[in-house]
Amino acid sequence: MSKSKKPRISVNKLAEYLEATPTRRKKIIYDAKYPSKFIVTRYADIRETITMYFQKGQDENILLSAIAKLEKKKPETEFQEQDIALSIESLEMLLETDTTALEGLDIEAFTSHNELVTISGVDISINPDMVLKKKTGNKTNVGTAKIHLSKNNYLSLESQKIVAALLHDYTQKHISKEAETPNQKLSLSLDVFQQTIECSPTGFKVRMRNIEAACEEIALWWDKV
């Protein structure tokens, strides 16, 4: 079993950690310390499709074309069969989701190196999917968005706000350039199956203090699990 020597966790798992019971918290730390070598990723074929959909001004034909291709795809395993069905369902749900928060923006796929954010000795993998920009006069506002794709492991609204707060923090540290202004309203957590979008909350500083406290706890427990 592989082991991560330094405390490290993904942004979604950290968000879950903040709302978890003590028993669940220990399990999250254990899974982060001893990650599985054989993780098969679902929805691998559609994450780029969703990003392109937003890049192209929410052109429904992009999603409809992807659905048609998935429907013609012949699965070779039960996993592939389930993945195709869930991928189609997620795209159909996205078509029915209110995504006005992403309208009128300049959107790019996130292609940069996934810089880790270190808080209280814990490395956090943010790995956004999109970079969002909006010009207002001579000012360019910037933010990042992360797509959450899971039918069974959804994010609570508070977890989405925590993810969005960390996206804003990431934007400040690694995305915004000198002439750009990080904007909390452009740091978005999109949960496709819940059909919800949350931006970095007005209580950003409060969330960040809670995140710091959680990371301190993770660092303390790391060598004990």
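This one's a predicted model, so the numbers in the text were calculated from it and none came from an experiment.

Moving on, we come to the side chain of Asp-123. Positionally, Asp-123 belongs in strand β4 (residues 122–125). A distance of 3.4 Å separates polar atoms of two side chains, one belonging to Asp-123 and the other to Lys-6. Leave out the neighbours within four places in its chain, and Asp-123 touches Lys-6, Pro-7, Arg-8, Ile-9, Leu-116, Val-117 and Thr-118.

So, about the pattern of salt bridges. For the structure shown, the criterion picks out 10 salt bridges. For Arg-25, the salt bridge is made with Glu-217, and the minimal N-O distance between the two is 2.7 Å. In this pair, Arg-25 is assigned in helix α2 (residues 22–33) and Glu-217 in helix α7 (residues 204–221), connecting sequence segments 192 residues apart. For Arg-25, a relative accessible area of 19% translates into the label buried. For Glu-217, a relative accessible area of 29% puts it in the partly exposed group. The salt bridge involving Asp-129 is made with Arg-47; its shortest N-O contact spans 3.2 Å. Taken as a pair, Asp-129 in the loop between β4 and β5 (130–136) and Arg-47 in helix α3 (residues 47–55) lie far apart in primary sequence, 82 residues in all. Judged by its relative accessible area of 29%, Arg-47 falls in the partly exposed class. Each of Lys-13, Glu-16 and Arg-24 takes part in salt bridges that share partners, so that together they form one network.

Right, let's talk about the nonpolar core for a bit. When a protein is soluble and globular, its nonpolar side chains tend to lie buried together. Among the nonpolar cores identified, the biggest contains 32 residues, and Leu-14, Ile-124 and Leu-166 are the most heavily contacted of them. Elements that contribute at least two residues to this core include exactly α1 (11–19), α2, β3 (117–119), β4, α6 (157–175) and α7. Looking at this core element by element, the count peaks at seven residues for α6. Every residue in contact with Ile-124, bar those within four places of it in the chain, is listed here: Ile-9, Ser-10, Val-11, Leu-14, Leu-116, Val-117, Ile-119, Leu-166 and Cys-215. Counting residues in hydrophobic clusters, the runner-up holds 29 residues, among them Leu-91, Leu-102, Leu-132 and Leu-149.

Pairing is mixed in the open sheet, where three strands are placed in the order β1-β4-β3. Across the chains shown, the open sheet's two edge strands, defined by having one partner strand only, are β1 (8–10) and β3. Along the sheet, successive strands turn relative to each other by an average axial angle of 30°, direction set aside. Two elements, β1 and β4, share three bridges in a ladder whose sense is parallel. Residue pairing across strands places Ile-9 opposite Ile-124, the latter belonging to β4.

Attention now goes to the environment of Leu-186. Note on placement: Leu-186 falls in the loop between β7 (180–182) and β8 (188–191). For the pair Leu-186 and His-168, spaced 18 residues apart in the sequence, the C-alpha separation amounts to 8.1 Å. With residues near it in sequence (within four places) discarded, Leu-186 still touches Leu-105, Leu-132, Lys-134, Asn-141, Val-142, Gly-143 and Thr-144.

At a minimum axis separation of 8 Å, α1 and α2 run at an interaxial angle of 160°. Here α1 lies roughly antiparallel to α2, going by the angle between them. Crossing of α1 against α2: the hand is left-handed. In this structure, α1 uses Lys-13, Glu-16, Tyr-17 and Leu-18 to contact α2, whose residues at the interface are Arg-24, Arg-25, Ile-28 and Ile-29. Each residue belonging to the contact of α1 with α2 can be placed in one class, and the counts come to four nonpolar, no polar and four charged.

Thresholds applied
- Residues numbered from 1 in each chain as written.
- Predicted model: local features only at pLDDT ≥ 70, side-chain atom pairs only at ≥ 80, totals over all residues.
- Heavy atoms only, no water.
- Helix = DSSP H or I, 4+ residues; strand = E, 2+ residues; numbered from the N terminus.
- Polar contact = N/O pair within 3.5 Å; in protein donor to acceptor, adjacent residues only side chain to side chain.
- Contact = heavy atoms within 4.5 Å.
- Salt bridge = Lys/Arg side-chain N within 4 Å of Asp/Glu carboxyl O.
- Buried < 20%, exposed > 50% of the residue type's maximum accessible area, 1.4 Å probe, protein only.
- Core = buried A, V, L, I, M, F, W, Y, C linked by side-chain atoms within 4.5 Å.
- Pairing = 2+ DSSP bridges.
- Axes fitted to C-alpha atoms, helices over the stretch in contact; angles between N-to-C directions.
- Parallel < 35°, antiparallel > 145°, perpendicular 65-115°, else oblique.
- Left-handed = near helix turned anticlockwise from the far one by under 90°.
- Nonpolar A, V, L, I, M, F, W, Y, C, P; charged D, E, K, R; others polar.

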